[in-house]
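What follows is each chain in one-letter form.
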Amino acid sequence: MKQLLTVLGSTGSIGVSTLDVIARHPQRYQVYALTANRQVDVMLSQCLACQPQFAVMRDSDAAQQLHLKLASAGSETQVLSGEEGLIQVSSAQPVHAVMAAIVGAAGLAPTLAAVQAGKKVLLANKESLVMAGGLFMQAVVDHDATLLPIDSEHNAIFQCLPQNYRSIEAAGIRRILLTGSGGPFRQTPVSELANVTPDQACAHPNWSMGRKISVDSATMMNKGLEFVEACWLFDATPDQIEVVVHPQSVIHSMVEYADGSVLAQMGNPDMRTPIAHAMAWPERIDSGVASLDFMAVSRLDFEAPSFERFPGLRLSVESARAGGVMPAILNAANEVAVDAFLSERIGFTDIPRIIEDVLGRSKNVEPVNLSVVKEVDAQARQMARERLESL
Ligand code: NAD
Ligand code: MG
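Residues numbered from 1 in each chain as written. Chains lettered and ligands numbered in written order. Predicted model: local features only at pLDDT ≥ 70, side-chain atom pairs only at ≥ 80, totals over all residues. Heavy atoms only, no water.

Another point: the sheet that holds strand 7 (residues 146-149). Taken together, seven strands build an open sheet; the order of strands is 4-3-2-1-5-6-7 and the sheet is parallel. The sheet is open, and its two borders are formed by strand 4 (78-81) and strand 7, each paired with just one other strand. Going from strand to strand, the sheet's axes swing by 20° on average, the running direction of each strand aside. Relative to strand 5 (residues 97-100), strand 1 (residues 3-8) runs parallel, the two sharing four bridges. Counted as the bridge partner of leucine 5 is alanine 97 from strand 5. (Pairing = 2+ DSSP bridges. Helix = DSSP H or I, 4+ residues; strand = E, 2+ residues; numbered from the N terminus. Axes fitted to C-alpha atoms, helices over the stretch in contact; angles between N-to-C directions.)

Within the structure, ligand 1 sits among 23 residues, and Thr11, Ser13, Ile14, Asn37 and Glu127 are positioned closest to it. Within the backbone of glycine 12, an N or O atom sits 3.1 Å from an oxygen atom of ligand 1. A distance of 2.9 Å separates an oxygen atom of ligand 1 from a polar side-chain atom of glutamine 39. Against a free-state accessible area of 830 Å², the protein chains account for coverage of 89% of ligand 1. For the shell around ligand 1, the secondary-structure elements that each account for two or more residues are helix 1 (13-23) and helix 6 (126-142). For the shell around ligand 1, the class distribution of residues is 10 nonpolar, nine polar and four charged. Each of domain 1 (3-149) and domain 2 (157-270 + 289-389) accounts for three or more of the residues forming the shell around ligand 1. (Near = heavy atom within 4 Å. Polar contact = N/O pair within 3.5 Å; in protein donor to acceptor, adjacent residues only side chain to side chain. Areas by Shrake-Rupley, 256 points an atom, 1.4 Å probe, with all protein chains shown as cover. Nonpolar A, V, L, I, M, F, W, Y, C, P; charged D, E, K, R; others polar. Domains from an automatic or database assignment.)

Right, let's talk about the domain arrangement of the protein for a bit. In terms of domains, the protein is made up of domain 1 (3-149) and domain 2 (157-270 + 289-389). Between the C-alpha centres of domain 1 and domain 2 the distance comes to 24 Å. Roughly 1800 Å² is buried in total at the junction of domain 1 and domain 2, and carbon and sulfur atoms are behind 72% of that figure. For domain 1, the biggest contributors to the area lost against domain 2 are Lys126, Val130 and Met131; these three give 35% of the whole. Taken together, the connections running from domain 1 to domain 2 amount to two salt bridges. Residues glutamate 226 and lysine 126 are paired through a salt bridge, measuring 2.9 Å at the closest nitrogen-oxygen approach. Connecting domain 1 to domain 2 are five residue pairs in polar contact (both at pLDDT 80 or more). (Buried area = accessible area lost by both parts, 1.4 Å probe. Salt bridge = Lys/Arg side-chain N within 4 Å of Asp/Glu carboxyl O.)

See below:
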């Protein structure tokens, strides 16, 4: 029987790679629903190619436009809108698996809805775990959902763990080594960072990604968010995870065991590998990714990350140690700051400055339920906006 998939964020970088893998296996997968924010034309062509039952546009004007265009093309795809539409298609009864690839905090509600419906959830939206990791992981257990990491590092770690993984201790793990390329500014003089442009920040040396995560990679906030994500996914403490800068992005992360063995997962930096891995798990399918050419790679380099160059990484590790709502505050302030940087309202080095300021002015509480998380998120965004107005 074919597996029915909902792809949340289908018009984005991960969404497009997911549809590429699906198209390679028409006997195995069928698209149930596609979703996007407002990219009507990309969504129109995706709908005509995949013929999903539903297409959801977060934005209602975009939904209306899509509806008219699909109707005149004779398509039977039904158009829904808003967060309700996203939740409907991520929790619908016939759906087997949900690719959670919306960017940012907007991904939390529909991703959590998929978990609460007991789906197989392929998690790219790391912000869900950074914001509400405890509630999210509890919901996975309560609703017997299957959670598979798409983030290449976490997918790599998952592949290096024993099949029946329960805990770091039971598996005999010494540490998790979270690798990161160091982004486009790994060697840029620190004094020049204040003047880099959004396009320079988005020109990642190894990966092609959406603009928000590309800026996060340049500040290494992405590694910081992934640090928090890894703590939740693998039930690890901050002391059990170490960040290693590895500029070639060939090793996607590693796990070191008590006997000194280090297992690494390697491959070309192409998100179709973790996507295909999670889609087919525990089987393996073709992803379209070329074989790794070891002779062309020829060497693998490693270095320690610099907290001076990447203050966002330090702030993330500190927020992971503090726990509570601090990672949610970090994430909210980062989203506002990255947005302001991308629209050229603030400089690159203002991003961690704003985050540090918001964290310093916030009170830590326990995220006992989703409304606490949402409230804290809204307050942190407000504080970040005020701070950037004052720059
Ligand atoms: P992207 O910007 O390319 O695409 C984002 C998608 O989300 C688009 O389809 C967009 O329409 C949709 N979207 C944006 N705002 C929305 C909103 N308010 N409501 C509903 N939908 C909305 O982003 P991406 O690079 O594909 O990243 C998606 C997620 O995957 C992020 O959480 C990112 O951290 C994670 N991720 C991405 C990569 C990568 O290689 N791109 C790697 C690892 C993890
Ligand atoms: Mg990653």
